[in-house]
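If you want the building blocks of each chain, they are given just below.
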Number of protein chains: 2
Amino acid sequence: MFESAEVGHKLSKEEYNKREPLLRQQLLKAQYDLLEKKSFPVIVLVSGVDGAGKGETVNLLNEWMDPRHIQTHAFGVMAEEEHDRPPMWRFWQALPPKGKIGILFGSWYTDPIITRVLRHTKMAEFEKHLDEIRHFERMLTAEGALVIKLWFHLSKKVQKKRLKKLEADPVTRWRVTPEDWRRFKHYDEFAEVSEHALRETSTGEAPWHLIEGADPQYRYIAAGEVLLDAMKKRLEGKAPVLAPSAPPPHIAIDGRDILNTLDYSQKLTPRVYDKKIDRLQGDLNLLTRDRRFRNRSLVIVFEGMDAAGKGSTIRRVTRALDARYYHVIPVAAPTEEERAQPYLWRFWRHVPRRDNAVIFDRSWYGRVLVERVEGFCSESDWMRAYHEINDFEEQLTLGGAIVIKFWLAVTLDEQLRRFREREKIAHKKFKITEEDWRNRKKWPKYEQAICDMIERTSTEIAPWNVIAGNDKPFARVEVLKTLVKRIEERL
Amino acid sequence: MFESAEVGHKLSKEEYNKREPLLRQQLLKAQYDLLEKKSFPVIVLVSGVDGAGKGETVNLLNEWMDPRHIQTHAFGVMAEEEHDRPPMWRFWQALPPKGKIGILFGSWYTDPIITRVLRHTKMAEFEKHLDEIRHFERMLTAEGALVIKLWFHLSKKVQKKRLKKLEADPVTRWRVTPEDWRRFKHYDEFAEVSEHALRETSTGEAPWHLIEGADPQYRYIAAGEVLLDAMKKRLEGKAPVLAPSAPPPHIAIDGRDILNTLDYSQKLTPRVYDKKIDRLQGDLNLLTRDRRFRNRSLVIVFEGMDAAGKGSTIRRVTRALDARYYHVIPVAAPTEEERAQPYLWRFWRHVPRRDNAVIFDRSWYGRVLVERVEGFCSESDWMRAYHEINDFEEQLTLGGAIVIKFWLAVTLDEQLRRFREREKIAHKKFKITEEDWRNRKKWPKYEQAICDMIERTSTEIAPWNVIAGNDKPFARVEVLKTLVKRIEERL
């Protein structure tokens, strides 16, 4: 694969001077078109061999275009102590919004490749990383992002020459670190591992572009042309065609499902409730103060139809926690800044640090519930969301989080009773709106969406806990019991 | 001052049980009113003596109200290595948006008080900190925030008893750290220093509320009532009356000002320009790679009328920098999330880390320029902004930043020439809008605003550099020359 970037590509000074002004002008125009339309973000990944001119090329791209609308971020290999949140968190924070160009210097490829070169990871783990990357980039593309991946290559001989040359010049000497030489010793492993990575992740929607880095003129024009070509095509409306997601979930033919077979009659007397809830809150409190929790975090998701009792249940949970270490995130309509990003972005920004808890009152599941039912997104959008959500929760878990999800189920009758009750109580009136009544009419559609969601996203690492919620005391105790049990298991 | 919180305030269990339900209900109602109106944020500072029940009170407030709309943040004394950005940065990040309640556990008071207790700071420095805090809180209030400051106090005797009691109980033992006992040894100094701090910062707009912490019932109800009372008053529209800012700046009676006395005829030939710009870019590049720069950061501000050449000048600057270490922030209309915060918030979020540079294309000066001239804010808003801006830049500077500000000045004639030129060139057309033509008519008003701005915000730590911009090559060289000179001086 790398052979094509070892042929000694060259561009003469004259040729460069002829091409550069036009390329530059066109890039600038494409950038302004992008900025005006604000319809998609451009994500440029810059990776490759040390000394192949990555930095200079990125600087030149910033020079050719308007640097006010380019965000360049540099990422190195993550230090062990940086692992305070899942590894992908820092990349999510750096994603450019629609209309902007984000250049990611070193990216989600660096860590998997380097750890594999140094044999810190096994082949199977490496393959898994590549698989995750494919999913991630596919999601970015499906969310509308234009992902351009540039790999700057040098043959072993040329790299050695180049490092020596940089070292010889007092102006560039600082750029060659002992680390670079250490890495050079691993050139062959590095080439082998990265070739493998490139092959496995060169997808139709986000292919790698190999650029030979030896000749500056060649590499600048090549990188610029790749970028221009990709931007122009997308601006003209040519989006990659993604393979469709799996077919829509089926409907249970016997009409039985996880919601309508739930036993809603379970109840607790106030006496039993008081005793149980106190004990459970105490247990939960102790668990979150356990020494072993310092390296973990807690992500709790509450979903449920309107008036299912999410808010009051959350209060029973937070009562057991120290306010300094948790945040409750009520999920409403996305803000302007959030709308300019992939839909999971607004949840990534709230991912807790270690030793902290975040409770989501509604969550990323909105995509496969309300957005699906109300048609706020296309079928293919919510269809692919199941997989993306499972990915997301897996990353949280691998990052040390304990993910616990609750579906608070109430029957249609019980919901009606609660709506009527809310209308009567002055200070609860704000809680009931026209929309709530409208949503009731779509109950069967919601029921289908809920069942599909539970079927497709109840994983061994983050299973759904479906709680019969007609009796609030019963539901609260069940929730706390589940929390205590799950955390105990995971610590 | 603390005597009033050492009288042994107590509330019986019965009295507590009588008051609690109503207080709770009213707090919840006030919280929802706040949430609905979204007209101001509530910032609750919680400070005081160790063991006075701060944590429990904060937890209870979260329990009484809806924790989904409260954001609690805990801050300790800042570790030396955390000083990657100015000390206030972390507090700005934690400010609640309009409609929400933010509880700041440990706050901008902790560091000044503790460092003074330990005698790491001199009295004069401590006084300066308090002065900065007064300004900061005054700004928050002027921006509409309701600032409620709770100080939980315990007498020395009671504190000792309390720490011992906490230690004796296996359930609460973890809460007493050796640090607490170390601090207890400094009780008298701590009391003296904090009494001083409280007195100096108990302003009309943000007074301290002293709460005796010995009796839980008393302290819970007292804290709740303070919060409720303050929220209710503000919700009824009773905002604190702030003393008016200084009178509007005067107009120079002889008609001469810093803009119209500038020599706009200065020019550079292309030959001289090419030579100078190359050398200056090289110098700037070396300076930002200097070892001494690792502990510094760079904040560059570009302001100027439309078509003054800000964008193209910025490109001449970024060309000298490594794209991995700078960001250019084009300042346009604030986003929804930004509008829910004090106006400086959207600039604080871009404050660079050490070793990094941020270039603002338009900046916080919008408040005293376009917002003043167009009437987007009240006179008192822009009048107080001068001081707030000077404060902000001082904090940046103390935090290690080198702040360099440019006003690119062009004459009315030159602007017209450039507008016409832009209209002719296809790919520059997007740069000229109806609004640009409208703004031209307000030139005299802008000129006044610019002169006032320069007069009031050209400080010794961050002076304005007014650059004659009619000749672009001349202006660019001047800008780079100034940058190199300023950075050299400050390293």
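Everything numeric in this text was worked out from a predicted model, so none of it was measured.

A. Focus on the overall build of chain A. Along chain A, the regular secondary structure elements total 19 helices and 10 strands. Burial status across chain A gives 56% buried among its 491 residues. Contacts spanning at least 24 positions in sequence make up 83% of the contacts within chain A whose residues lie at least 6 apart. Of the accessible surface of chain A, which amounts to about 22100 Å², a share of 52% is contributed by carbon and sulfur atoms. Here chain A contributes 85 positive and 75 negative side-chain charges, whose respective centroids are spaced 3 Å apart.

B. Just the relation of the copies chain A and chain B, in detail. Rotating chain A by 180° about the axis while translating it 0.0 Å along that axis superimposes it on chain B, leaving an RMSD of 0.1 Å. Both copies are brought into coincidence by an operation consistent with a two-fold rotation axis. The C-alpha atom lying nearest the rotation axis in chain A is that of Glu336(A); the distance is 3.2 Å. A shared interface surface links the copies, since 100% of the contact residues of chain A are contact residues in chain B too.

C. Local environment of the pattern of salt bridges. Residue and element names in this part refer to chain A. Scanning the entire structure with this criterion turns up 83 salt bridges over all chains. The partner of Arg-219 in a salt bridge is Glu-56, and the shortest N-O contact between them spans 3.8 Å. Taken together, the positions of Arg-219 in helix α9 (residues 216-235) and Glu-56 in helix α2 (residues 54-64) put the pair 163 residues apart, joining distant regions of the chain. The class of Arg-219 is buried, set by a relative accessible area of 1%. The class for Glu-56 is partly exposed, based on a relative accessible area of 23%. Where salt bridges share partners, they join Glu-143, Arg-367, Glu-371, Asp-381, Arg-384 and Glu-388 into one cluster.

D. Geometry of the nonpolar core. Counting 299 residues, the largest nonpolar core has Trp108(A) and Trp108(B) as its most contacted members. Discounting residues that sit within four places of it in the chain, Trp108(B) has contacts with Ile43(B), Leu45(B), Met88(B), Phe91(B), Ile133(B), Phe136(B), Glu137(B) and Leu140(B).

E. Unusual backbone geometry, seen in detail. Residue and element names in this part refer to chain B. Of note in the backbone geometry, Ala-307 takes a positive phi value of approximately 65° without being a glycine. Relative to the elements of secondary structure, Ala-307 occurs in the loop between β6 (297-304) and α11 (310-318). At Asp-355, a position not held by glycine, the phi torsion is positive, near 75°. For Asp-355, the position within the fold is in the loop between α13 (345-348) and β8 (357-361). With relative accessibility at 24%, the residue Asp-355 sits in the partly exposed group.

F. Structural view of the interface of chain A and chain B. The partner chain B presents 42 residues to the 41 residues of chain A that form the contact. Summing both partners gives a buried area of about 3900 Å² for chain A against chain B, and 56% of it is carried by carbon and sulfur. Inspection of the region where chain A meets chain B yields six salt bridges. We note a salt bridge from Arg349(A) to Glu337(B), for which the minimum N-O separation is 3.0 Å. Looking at the side of chain A that touches chain B residue by residue, the class counts come to 15 nonpolar, 10 polar and 16 charged.

G. Spatial organisation of the packing of helix α6 (residues 156-168) of chain A against helix α7 (residues 178-185) of chain A. Residue and element names in this part refer to chain A. Where α6 meets α7, the closest approach of the two axes is 11 Å, and the angle between their N-to-C directions is 165°. When the axes of α6 and α7 are compared, the pair comes out roughly antiparallel. As for how α6 packs across α7, the hand of that crossing is left-handed. Along the contact surface, α6 presents Lys-156, Gln-159, Lys-160, Leu-163, Lys-164 and Glu-167, while α7 presents Asp-180, Trp-181 and Phe-184. Residues that form the contact of α6 with α7 fall into these classes: three nonpolar, one polar and five charged.

H. Region of the structure containing the pairing of strand β10 (residues 464-468) of chain B. Residue and element names in this part refer to chain B. The buried count for β10 comes to four of five residues, which makes it a mostly enclosed element. As paired strands, strand β9 (residues 401-409) and β10 are joined by five bridges and run parallel to one another. The residue of β10 that forms the bridge with Leu-408 is Ile-467.

I. Structural view of the sheet that holds β10(B). All names here are of chain B. Reading across the sheet, the five strands line up as β7-β8-β6-β9-β10 and stay open at both edges, with parallel pairing between neighbours. The open sheet has two edge strands with one neighbour each: β7 (326-330) and β10. Between one strand axis and the next, the sheet turns through 20° on average, direction left out of account. In the packing of helix α18 (residues 443-457) onto the sheet, the strands contacted are β9 and β10, and the crossing angle to β10 comes to about 140°.

J. The arrangement of the packing of helix α5 (residues 123-142) of chain B against helix α8 (residues 187-201) of chain B in detail. Residues and elements named next belong to chain B. Two elements in contact, α5 and α8, have axes separated by 10 Å at closest approach and are oriented at 40°. Put simply, α5 runs oblique to α8. For the pair α5 and α8, the crossing hand works out as right-handed. Residues Met-123, Phe-126, Glu-127, Leu-130, Ile-133, Arg-134 and Glu-137 of α5 form the contact with α8, whose participating residues are Val-193, His-196, Ala-197, Glu-200 and Thr-201. Residue composition of the contact of α5 with α8, by class: six nonpolar, two polar and four charged.

K. Highlighting the sheet that holds strand β4 (residues 146-153) of chain A. Residue and element names in this part refer to chain A. Across the sheet, which stays open at both edges, the five strands sit in the order β2-β3-β1-β4-β5 with parallel pairing between neighbours. Edge strands, defined here as strands with exactly one partner in the open sheet, are β2 (70-74) and β5 (208-212). Across the sheet, the mean angle from the axis of one strand to that of its neighbour is 20°, orientation sign disregarded. Bridge count for β4 against β5 is five bridges, and the pairing is parallel. The residue bridging His-153 from the neighbouring strand is Glu-212, located in β5.

L. How the structure looks around the side chain of Asp66(B). Among the secondary structure elements, Asp66(B) is positioned in the loop between α2 (54-64) and β2 (70-74). Only 2.5 Å separates the side chain of Asp66(B) from the side chain of Tyr32(B), close enough to count as a polar contact. Reaching out from Asp66(B), the side chain makes a polar contact with the side chain of Arg68(B) at a distance of 2.8 Å. Residues contacting Asp66(B), with those up to four places away along its chain left out, are Arg315(A), Leu28(B), Gln31(B) and Tyr32(B).

Basis of the calculations
- Residues numbered from 1 in each chain as written.
- Chains lettered and ligands numbered in written order.
- Predicted model: local features only at pLDDT ≥ 70, side-chain atom pairs only at ≥ 80, totals over all residues.
- Heavy atoms only, no water.
- Helix = DSSP H or I, 4+ residues; strand = E, 2+ residues; numbered from the N terminus.
- Buried < 20%, exposed > 50% of the residue type's maximum accessible area, 1.4 Å probe, protein only.
- Contact = heavy atoms within 4.5 Å.
- Areas by Shrake-Rupley, 256 points an atom, 1.4 Å probe, with all protein chains shown as cover.
- Lys, Arg positive; Asp, Glu negative; His and termini not counted.
- Charge placed at Lys NZ, Arg CZ, Asp CG, Glu CD.
- Least-squares fit on C-alpha atoms with pLDDT ≥ 70 in both.
- Salt bridge = Lys/Arg side-chain N within 4 Å of Asp/Glu carboxyl O.
- Core = buried A, V, L, I, M, F, W, Y, C linked by side-chain atoms within 4.5 Å.
- Buried area = accessible area lost by both parts, 1.4 Å probe.
- Nonpolar A, V, L, I, M, F, W, Y, C, P; charged D, E, K, R; others polar.
- Axes fitted to C-alpha atoms, helices over the stretch in contact; angles between N-to-C directions.
- Parallel < 35°, antiparallel > 145°, perpendicular 65-115°, else oblique.
- Left-handed = near helix turned anticlockwise from the far one by under 90°.
- Pairing = 2+ DSSP bridges.
- Polar contact = N/O pair within 3.5 Å; in protein donor to acceptor, adjacent residues only side chain to side chain.

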